[in-house]
Amino acid sequence: MLTDSSIFLTMKLPFKILLILLFCILAKLNAQKFVTVKDGHFILKKKEYYFVGTNFWYASYLGLEKNEEKGISRLKKELDFLKSQNIENIRVLAAVEGSGKLNGANRVEPAYQYEAGKFDEDKLKGLDILMDEAGKRNMKVILFLSNNWEWSGGWLQYLLWNNKIDQQKTAEKLNWDDQRDFTAKFYSCEECKNQYFEQVKKIVTRRNSVNGKKYTKDKTLMAWEIANEPRPMRPAANGEYKKFITESASFIKSLDKNHLVTTGSEGVQGTEDMNLYKENHADKNIDYLTIHIWPKNWGWFANETMEKDFEEVNRRTSDYIKSHLKIADEVHKPLVLEEFGFPRDGHSFDINSSTKLRDKYYESTLKLWNENRNLKGSFAGCSFWAFNGVAKPIPGQTFWKKGDDYMGDPPMEEQGLNGVFISDQSTWKIIRKYNTNP
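Residues numbered from 1 in each chain as written. Predicted model: local features only at pLDDT ≥ 70, side-chain atom pairs only at ≥ 80, totals over all residues. Heavy atoms only, no water.

Per an unreviewed UniProt entry, the recorded name for the chain is mannan endo-1,4-beta-mannosidase, and the organism is Chryseobacterium gambrini. What the UniProt record of the chain gives under Catalytic activity (unreviewed entry) is the line "Random hydrolysis of (1->4)-beta-D-mannosidic linkages in mannans, galactomannans and glucomannans." (UniProt positions renumbered as here; feature names shortened; annotations may be inferred.)

Okay, here's the thing in structure tokens:
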């Protein structure tokens, strides 16, 4: 604080020196608002930063809707609701490549990169709107820059653009072996990777068309993520995959020194090799570790025995988190469980169906995070998948099609299965219970 005497002395300083002093003070104050990493912890405003967040991947699309109620009004309403639940950290899709069916499923539309190297500036404005609105609410945003999976284009689209895989075959649903074989080709496709880097540069160096801020200077942004769930897919691709992670992290850091960078990895489930997972996250340009947990997709329970298998699911979830926390402590970086989800009771897609088992799963997962937080451990963030907001599933229609409400369940998944609607009050009660200051 300036005293009367210090004010008097400041007034006697030459004007240029005074300006320099003021600039340095302001720069120091502003720098405190970026999320950084120190001694294995996130730091924000000189304090250790722990958060419960959500995946709100479609948020960058809402500002593009012509219907205001389905678009900007919905975006504002949903951000306000999240804020009211103490959710101030959101993970958002920042890149969509190509359009049309891929791997037999609709993908999200519209595309930001509609052809190789061609970007739609009007569509990218949706991302600008989201960043501006989140900034007004003092929220933090994590942006992922592509996708291992087809629902937003991702690796398969780059391979198609470069004629590395069969376009006719990929329009149909691939079997798992073919999908692994095809996707693994991305890491040895130099043209594909260069196009990805071009997209990264386009987004990272962007200036927000709404508020004029450069993304590299925007304190609303917490981190850049290389991709959603990047996997080598086949052990033979491990070397090229590791090289890609290293090159991507280095490239993003060369464009933006202010923000954190991470992988978007699911953990050992994605790499099938804990040493590879550790090596990737030990990289000097990777600031923190990520994991995802999907009990249903990973076969930890059967749809018809959800309740019977529940305690085993809980045990495996706890073991999975703890095994990756051990790696986080070894590389001395924080860890974020940035995706975890559980279906509605009876594997129902009905918005009015109960969520008793999901609520129990959220309770046990958030409790583990909270216990670690109280011990000032490395389990820094916990973000559920996903936020469905005010969306309404269409009765009798399982999968998303163009014109439907966006929701957290992506197009190739049953709409309403894993996402949390604003109306799911029992789930929000549990989230609020743990998402408070310790």
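On we go from here.
A. Representation of the packing of helix H6 (residues 154-161) against helix H9 (residues 190-204) within the structure. At a closest axis distance of 9 Å, the pairing of H6 and H9 adopts a crossing angle of 120 degrees. Comparing their axes, H9 and H6 come out oblique. Crossing of H6 against H9: the hand is right-handed. For the pair H6 and H9, the contacting residues are Trp-155, Tyr-158, Leu-159 and Trp-161 in the first and Cys-192, Gln-195, Tyr-196 and Gln-199 in the second. Per-class residue counts for the contact of H6 with H9 are 6 nonpolar, 2 polar and no charged. (Axes fitted to C-alpha atoms, helices over the stretch in contact; angles between N-to-C directions. Helix = DSSP H or I, 4+ residues; strand = E, 2+ residues; numbered from the N terminus. Parallel < 35°, antiparallel > 145°, perpendicular 65-115°, else oblique. Left-handed = near helix turned anticlockwise from the far one by under 90°. Contact = heavy atoms within 4.5 Å. Nonpolar A, V, L, I, M, F, W, Y, C, P; charged D, E, K, R; others polar.)

B. Representation of the nonpolar core. Counting 123 residues, the largest nonpolar core has Phe-42, Phe-56, Trp-57, Leu-143, Tyr-196 and Met-222 as the members making the most contacts within it. It is helix H13 (residues 310-331) that provides the largest number of residues to this core, a total of 8 residues. (Core = buried A, V, L, I, M, F, W, Y, C linked by side-chain atoms within 4.5 Å. Buried < 20%, exposed > 50% of the residue type's maximum accessible area, 1.4 Å probe, protein only.)

C. Seen up close, H13. Taking 1.5 Å of rise per residue, 22 residues should cover 32 Å, and H13 covers 32 Å from first to last C-alpha, within 8% of that figure. Along H13, the positions that sit buried rather than exposed are Phe-310, Val-313, Asn-314, Thr-317, Ser-318, Tyr-320, Ile-321, His-324, Leu-325, Ile-327, Ala-328 and Val-331. Of the surrounding elements, those touching the buried residues of H13 are helix H11 (268-271), helix H12 (274-282), strand E11 (289-293), strand E12 (335-340), helix H14 (356-374) and strand E13 (379-384). His-332 occupies a position one or two residues after H13 and carries a positive phi of about 60 degrees. (Expected span 1.5 Å × (residues − 1).)

D. Structural view of the state of the cysteines. Following the criterion strictly, the structure yields 1 disulfide and no others. A sulfur-sulfur separation of 2.2 Å characterises the disulfide bridge that pairs Cys-189 with Cys-192. The S-S bond linking Cys-189 to Cys-192 shows a torsion near 70 degrees; that makes this disulfide right-handed. The pair Cys-189 / Cys-192 is uniform in exposure class, with both members buried. (Disulfide = S-S within 2.5 Å.)

E. Structural context of the sheet that holds E13. On the basis of which strands lie adjacent, the open sheet formed by 8 strands has the order E10-E9-E8-E5-E4-E13-E12-E11 and parallel pairing. Unpaired on one side and paired on the other, strand E10 (260-262) and E11 mark the two borders of the sheet. Along the sheet, successive strands turn relative to each other by an average axial angle of 25 degrees, direction set aside. Taken together, the 3 bridges between E12 and E13 define a ladder with parallel strand orientation. Within E13, the residue paired with Leu-335 across the bridge is Phe-379. Those strands touched by H13 are E11, E12 and E13, and its axis lies near 175 degrees from that of E11. (Pairing = 2+ DSSP bridges.)

F. Structural context of the pattern of salt bridges. Considering all chains together, one arrives at 36 salt bridges under this definition. As a salt-bridge pair, Lys-83 and Glu-88 come within 3.0 Å of each other at their nearest N and O atoms. With relative accessibility at 28%, the residue Lys-83 sits in the partly exposed group. Take Glu-88: its relative accessible area is 32%, and that puts it in the partly exposed class. (Salt bridge = Lys/Arg side-chain N within 4 Å of Asp/Glu carboxyl O.)

G. Spotlight on the sheet that holds strand E2 (residues 41-44). One open sheet holds the 3 strands; their spatial order is E1-E2-E3, and the pairing between them is antiparallel. With partners counted over all chains shown, the strands left at the sheet margins are strand E1 (36-38) and strand E3 (47-48), one partner each. Relative to E3, E2 runs antiparallel, the two sharing 2 bridges. Along E3, the bridge assignment pairs Leu-44 with Lys-47.

H. Representation of the confidence of the model for the chain. With 92% of its residues at a pLDDT of 70 or more, the chain shows a mean pLDDT of 93. Confidence drops under a pLDDT of 50 for residues 1-12, and excluding neighbours within four residues, the segment shows 2 contacts in the predicted structure. (pLDDT = per-residue confidence, 0-100.)

I. Representation of the environment of Arg-137 in the model. As for its placement among the helices and strands, Arg-137 is situated in the loop between helix H5 (121-136) and strand E8 (140-144). By relative accessible area, Arg-137 is classed as buried at 14%. Residues contacting Arg-137, with those up to four places away along its chain left out, are Lys-76, Leu-79, Asp-80 and Lys-83.

J. Fine view of the packing of H14 against helix H15 (residues 425-434). Where H14 contacts H15, the two axes come as close as 9 Å, and the packing angle between them is 5 degrees. Judged by the inter-axis angle, H14 sits roughly parallel to H15. For the pair H14 and H15, the contacting residues are Arg-358, Asp-359, Tyr-362, Glu-363, Leu-366, Lys-367, Trp-369, Asn-370 and Arg-373 in the first and Ser-426, Thr-427, Ile-430, Ile-431, Lys-433 and Tyr-434 in the second. Taken together, the residues of the contact of H14 with H15 sort by class into 6 nonpolar, 3 polar and 6 charged.

K. Representation of unusual backbone geometry within the structure. For the bond from Glu-109 to Pro-110, the omega torsion is 0 degrees, close enough to zero to count as cis. Positionally, Pro-110 belongs in the loop between strand E5 (89-93) and strand E6 (113-115). Residues Trp-385 and Ala-386 are joined by a peptide bond in cis, for which omega reads 0 degrees. In this structure, Ala-386 sits in the loop between E13 and strand E14 (387-389).

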